[in-house]
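# Chain and residue survey
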Amino acid sequence: MTFEVRPASVFEDVQTLVGPKSAGANVCWCLSYRIPSKLNNELRGPARGEYVGELCRVQPAPGVLAYDGDEPVGWAAVAPRSDTSFARSRTIPRFDDLPVWSLWCIRVRPGHRKQGVSHALIAGAVEFARSHGAPAIEAYPLDNGDTRVDTTMAYAGIRKNFERAGFTHAADTTSVLAGHPRVLMRLDLR
């Protein structure tokens, strides 16, 4: 199956993937790593969606979306590391001073999983970062081995999917998600 990956500039499509079922809900909207924690805590209910709507109207877009025809089926958050909380993280180390981009969230809609959407999203995020001049891209996936990961907590991705996309292990971290250690994976784009 082939999926088209495009910049996440259509708010309604981003909302389909990361928005709440109820407009007043305080779900992540994939903002937790993108904005300072104070602002993240202040944005409540519809204000979270409005903030994401603004992100969709500027360049670069806040990530990429995978489409099956015209239907949005997957989301990946990708941005310069310096624009994320990973730039200041105590648990995920800075590998060096290269102005890399971070890929930190992958979501696939139910009914579309196990069809290659996450692989298309990783490849699309890599090309998106490359097209914006990124010298390298990092991800912070779970190092789960063959252990099953709850789909809710698999948003960080899993190590073997990044290895399949050409990323290599760059550093261990002290970050743990859903009981699994996270590793810093990197792909050089130069």
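The following paragraphs examine the structure supplied in this document. Please read these numbers as outputs of a predicted model, since none were measured by experiment.

### Quick look at unusual backbone geometry
Trans is the prevailing form of peptide bonds, just as negative phi is the prevailing case for residues other than glycine. Cis rather than trans, the peptide bond between Gln-59 and Pro-60 has omega equal to -5°. By secondary structure assignment, the location of Pro-60 is in the loop between α3 (46–56) and β2 (63–68). If you check the backbone angles, Cys-30 has positive phi at about 60° while not being a glycine. Note on Cys-30: relative accessible area 5%, which makes it buried. In this model, Lys-114 sits at a positive phi of 60°, which is unusual for a non-glycine residue. By secondary structure assignment, the location of Lys-114 is in the loop between β4 (101–108) and α4 (117–131). Look at Lys-114 and you get exposed, because its relative accessible area is 85%.

### Side note on the sheet that holds strand β5 (residues 136–139)
Taken together, seven strands build an open sheet; the order of strands is β1-β2-β3-β4-β5-β7-β6 and the sheet is mixed. The sheet terminates laterally at β1 (4–7) and β6 (168–177), the two strands that pair on one side only. Going from strand to strand, the sheet's axes swing by 25° on average, the running direction of each strand aside. Relative to the sheet, helix α1 (residues 11–18) contacts β2, β3 (71–80) and β4, its axis offset from that of β3 by approximately 95°. Against the sheet, α4 engages β1, β2, β3, β4, β5 and β7 (180–188), with an angle of about 150° to β4.

### Focus: the packing of aromatic side chains
Summed over all chains, the structure comprises six aromatic pairs. Plain terms: the ring middles of Phe-86 and Trp-104 are 6.1 Å apart, the flat faces sit at 55° to each other, and that makes the pair tilted. Taken together, the residues Phe-86 in the loop between β3 and β4 and Trp-104 in strand β4 connect sequence positions 18 residues apart. Take Trp-104: its relative accessible area is 2%, and that puts it in the buried class. Centroid distance Phe-162 to Phe-167: 5.1 Å. Interplanar angle 80°. Geometry classified as edge-to-face. Of the two residues, Phe-162 and Phe-167, both sit in the buried class. Grouped by ring-pair contacts, the aromatic residues Tyr-33, Phe-86, Trp-104 and Tyr-140 constitute a single cluster. Lying over the aromatic face of Tyr-67, Arg-6 brings its terminal NZ or CZ to 3.8 Å of the ring centre.

Procedures and definitions
Residues numbered from 1 in each chain as written. Predicted model: local features only at pLDDT ≥ 70, side-chain atom pairs only at ≥ 80, totals over all residues. Heavy atoms only, no water. Helix = DSSP H or I, 4+ residues; strand = E, 2+ residues; numbered from the N terminus. Buried < 20%, exposed > 50% of the residue type's maximum accessible area, 1.4 Å probe, protein only. Pairing = 2+ DSSP bridges. Axes fitted to C-alpha atoms, helices over the stretch in contact; angles between N-to-C directions. Contact = heavy atoms within 4.5 Å. Phe/Tyr/Trp six-rings, centres within 6.5 Å; stacked < 30°, edge-to-face > 60°. Lys NZ or Arg CZ within 6 Å of the ring centre and 35° of its normal.

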